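Examining the three-dimensional arrangement
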Amino acid sequence: MIAALLISMLVSGPVSDTLSFAEMSAVRLSPVTAFATGSGYSAAAWLFSPLDTYTSASASWVRRGEESPLLQEEGRQSSEGVIDIHSLVRLNEASAVRGNVQYRNGMKKGVMWNSSSDYDIVRPYAVADSVGGDVKREQYAFSGGYASRRDRLHYGFEGSYRALHEYRMVDPRPRNIVSDLTVRVSVGYRFTHRYLLDFSTAYRRYSQSQNLSFYNQKGSNSSVFHLTGLGNHFGRFEGGTSAYTSTRYAGNGLELSLNLLPDSVGGWRAGLTYSLLDIVHHLPNQNEVPYTELYTRNARAEVSFVSKNGGFDYAAGLQAGYESRKGVESIIDNGSAGRFLELMRFSMYSSDMFSAGVHGTGEWGREDGRWSIDATADFLQIDSRYQYPLRKLDTRGLDIDIKTGYTVLTGNNLIKAVIEAGRYKSFGAGMTIPPEYTLDKLLAFYTDRRIRMACSSWVGGLSLRWEREIGNSSLFALTDARYVLLDGGADALYTTVTIGFIF
Amino acid sequence: MRRFLTLMAALSVMCSCTTPVEENIFCTVTMHASLPDGRQIVSMTIDPSLPGNMFRNLNTGIDYTFPVFVNNTCTMQVQKGVYMIAFDGQVMFQDGNLANVRFTAWKNPINAVSLLKDNETLEIELKLMK
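Computed from a prediction, not measured in an experiment: that's the story for all the values here.

What counts, and where the lines are drawn
- Throughout, a residue's number is its position along its own chain's written sequence, starting from 1.
- Key to labels: chains lettered from A, ligands numbered from 1, both in the order written.
- Local features in this predicted model are restricted to residues of pLDDT 70 or higher, and side-chain atom pairs are both shown and tallied only at a pLDDT of 80 or more, whereas totals for entire chains, interfaces and linings draw on every residue.
- Working definition: helices are DSSP H or I runs of at least four residues, strands are E runs of at least two. Numbering for both runs from the N terminus.
- Here the radius of gyration uses the C-alpha set of atoms, whereas the globule reference equals 2.2 Å times the residue count to the power 0.38.
- Put simply, a residue is buried when 20 or more other C-beta atoms lie within 10 Å of its own C-beta and exposed when 12 or fewer do; between those, it is partly exposed, and each C-beta is set from the backbone.
- It is the C-beta atoms, placed from the backbone, that decide contacts: two residues are in contact if theirs lie within 7 Å.
- Amino acid classes used here: Ala, Val, Leu, Ile, Met, Phe, Trp, Tyr, Cys and Pro are nonpolar; Asp, Glu, Lys and Arg are charged; the rest, including Gly, are polar.
- Two strands make a pair as long as DSSP finds a minimum of two bridges between them.
- As used throughout, a nonpolar core is a set of buried Ala, Val, Leu, Ile, Met, Phe, Trp, Tyr and Cys residues joined through C-beta atoms within 7 Å of each other.
- You can read pLDDT as the predictor saying how much it trusts each residue, on a scale of 0 to 100.

Here's the deal with the overall build of chain A
Helix and strand counts for chain A stand at five helices and 21 strands. In terms of overall size, chain A behaves like a compact globule, its C-alpha atoms giving a radius of gyration of 24 Å where 503 residues would be expected to give roughly 23 Å. In terms of overall dimensions, chain A has C-alpha extents of about 75 × 50 × 40 Å along its principal axes. Per-residue burial for chain A yields a buried fraction of 34% across its 503 residues. A separation of at least 24 residues holds for 66% of the contacts in chain A among residues at least 6 apart in sequence.

Here's what the structure looks like:
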């Protein structure tokens, strides 16, 4: 990845001798191009993407404010500064390198019932305190890869690494350090004059070490809980300033994907992807005894067709995805041998998420001014269950979203405006949580979630991008705002402001 | 395609933990209570509201209510696990007399008893309180 960035410094400017920076940006920003390059481009197949050599560096401010968040574990608000450097370098007609460096620094506000990082990865096995608060976060991410082709064969490899540090400055003080490494290898074969069959595999190593401390050694008005799903928790390890506030997540993952795709933007695409991530949650101060395990499985299938000839370009596709989470809890012995031993394991938690959708996009007009429309409709169903005491939470809904955009090229300037309208229709949510086995605060928390899940919402958005070619580079600014109004009256606003340059 | 799916399933198994996951999470516990003098107990009741009376899963913290012992015996179903068991109860003998009894052998976490099989039998050796 570092090599990719160094090479990009030496090879600045577009490789294409026919397109200007602004015209190249129009290609990159095209929804049809985005559709075509959105999935299926493995560590090797991205060699066939329509993008030429370019490097972009940008600084962004990203803000999220939700009056009634679906996941209070991620907070009501977040605000982050992001620095992003991305580079793609075509070394010659047959090989290319690419790299990405990203730094994020910000804060999540109003985080509830979660002191762990990467909640989406480790849920439901978060360590939590009952007070919550603001969490500062800092993340570094690096990725880089090389791809090449020889005759009908193409191959590539890439690696990515992410380091995250999250902490709070008042009691209770979680301090989490995440290390997330992925290595991916792909190989493919061109079996007709324009279609490729591509196989990709990846290995992922995930770890998170967590320590939750109190400066006031008498404790605070909070307890530490080791949550096990839908309001249940490992009662043995809860407490105010107990010895059970250090935990460690250790995970291993695999991904396999098989894709059929054309060697250019236009054509049919079909893909199957399966991934798994197994995470064991340990207590480091108790002889590293494992007390929960989470097995996440993802499967995704998609088929699409893209037509791009410069006139009326369009793309349409179908996709379906399934995610299964199985949670296993350990029975830990009485510790009479001076150390904790795992006696038995139970499968206690399960969550199944199914999604299916259609996506269509079209683009038309002249080279100096093009209209676009992008529409999606996705059905989502989530069923979560805890075996004993029996707990259930389920919901289903339909998400419809339409974006209309206009891109204009005038001289050295590119201006793109997109407006968005959408509707999420919830078909309701059901919950079974036994009050006699649940803390009042956790019962109220999940009751809020059920009500939130049952809420439908309207979405409106506006995005504006301005880009100007200056010498051998291009300067751009982007602002994006998305407003969500829930049927109950609560709202949310997501905003992004970005400035950067491309060379 | 069939080979691809087989390969995915095989890799999934390889990445799973090797210790098997128990399917049946419940254990049927039969408790036999006995007194030092061997007298027959017609019935024994245990008040769950008394502090210190517990049939508690050490890991999950869930408390169970003791059923009434009839003819020295009771049976209940609990989640498999490690349990702290202690109580003060009242027994009734065949002559109709009542007496207070105490059981504290598995009161502390370090003495907690494991109930891991589908069926377990516990011998409850009571102390007669004066």
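Thoughts on the overall build of chain B
Within chain B, the regular secondary structure consists of one helix and 10 strands. Burial status across chain B gives 23% buried among its 130 residues. In chain B, the proportion of contacts linking residues at least 24 apart, taken out of those at least 6 apart, comes to 69%.

Some points on unusual backbone geometry
In this structure, the amide linkage connecting R123 of chain A to the following residue, P124 of chain A, adopts the cis form with an omega of 15 degrees. Residue P172 of chain A is reached from D171 of chain A by a cis peptide bond, and omega for that bond is -10 degrees.

Observations concerning the environment of M353 of chain A
All names here are of chain A. Within the fold, M353 resides in strand β15 (residues 342-366). Here M353 falls in the partly exposed class, since 15 other C-beta atoms lie within 10 Å of it. Sequence spacing of M353 and G106 is 247 residues, and the spatial spacing of their C-alpha atoms is 30 Å.

Some details on the interface of chain B and chain A
At the interface, 26 residues of chain B touch 27 residues of chain A. Every element with two or more residues in the side of chain B that touches chain A is listed here: α1 (2-14) and β6 (81-93) of chain B. Looking at which element gives the most residues to the side of chain B that touches chain A, the answer is α1 of chain B, with four residues. Residue composition of the side of chain B that touches chain A, grouped by class: 14 nonpolar, 10 polar and two charged.

Focus: the environment of M107 of chain A
Relative to the elements of secondary structure, M107 of chain A occurs in strand β3 (residues 95-111). Given 16 C-beta atoms within 10 Å, M107 of chain A falls into the partly exposed group.

Some thoughts on the environment of S330 of chain A
All names here are of chain A. With respect to the helices, strands and loops of the structure, S330 is situated in strand β14 (residues 313-332). A count of 22 C-beta atoms within 10 Å places S330 in the buried class. With 21 residues separating them in the primary sequence, S330 and S351 have C-alpha atoms 19 Å apart. Ignoring sequence-local partners within four residues, the contact set of S330 consists of P290, Y291, E342 and R345.

Let's talk about the pairing of strand β11 (residues 246-262) of chain A
Residue and element names in this part refer to chain A. Of the strand pairs in this sheet, strand β8 (residues 195-213) and β11 are connected by 17 bridges, and their pairing is antiparallel. Paired with T201 across the two strands is L256, which belongs to β11. The turn joining β11 and strand β12 (residues 267-283), which pair antiparallel and follow one another in sequence, is formed by four residues.

Some thoughts on the nonpolar core
Nonpolar side chains in soluble globular proteins tend to end up buried together. Counting residues in hydrophobic clusters, the biggest one holds 27 residues, and the most contacted among them are A33, M44 and Y83 of chain B. Looking at this core, the elements with two or more residues in it are β14 of chain A together with β1 (26-34), β2 (41-46), β6 and β7 (98-106) of chain B. Apart from residues no more than four positions distant in its own chain, Y83 of chain B is found in contact with F55, R56, N57, L58, W106, A112, V113 and L115 of chain B. Within the second largest apolar cluster, 24 residues are counted, among which are F21, A96, A147 and Y155 of chain A.

Describing the sheet that holds strand β9 (residues 224-229) of chain A
Residue and element names in this part refer to chain A. Spatial ordering of the open sheet is given by β4-β9-β10, a layout of three strands whose pairing is antiparallel. At either end of the open sheet lies a strand with only one pairing partner, and these are β4 (127-129) and β10 (232-233). Where β4 meets β9, three bridges bridge the pair, whose relative direction is antiparallel. Paired with D129 across the two strands is V224, which belongs to β9.

Overview of the pairing of β7 of chain B
Residue and element names in this part refer to chain B. The sheet contact formed by β6 and β7 spans seven bridges and is antiparallel. In the sheet register, F87 faces β7, and the bridge partner there is F103. Judged from the three bridges that link them, β7 and strand β10 (residues 127-129) form a sheet pairing that is antiparallel. Within β10, the residue paired with R102 across the bridge is K127.

Things to note about the confidence of the model for chain B
All names here are of chain B. The pLDDT averaged across chain B works out to 87; a share of 85% of its residues lies at or above 70. Of all secondary-structure elements in chain B, the lowest mean pLDDT belongs to α1, at 53, while strand β5 (residues 73-79) reaches the highest, 96. Considering only residues more than four positions removed or in separate chains, one finds that residues 13-17, a stretch of pLDDT under 50, has seven contacts.

Here we look at the confidence of the model for chain A
Confidence in the prediction of chain A, expressed as mean pLDDT, is 91, and 94% of residues score 70 or more. Low pLDDT, under 50, characterises residues 1-15 of chain A; the stretch is placed with 37 contacts to residues that sit more than four places away or in other chains.

Considering helix α2 (residues 21-29) of chain A
Where α2 of chain A is concerned, the buried positions are F21, A22, M24, S25 and A26 of chain A. Here the buried face of α2 of chain A lies against β1 (54-66), β17 (391-410), β18 (413-432), β19 (457-470), β20 (473-486) and β21 (491-502) of chain A.

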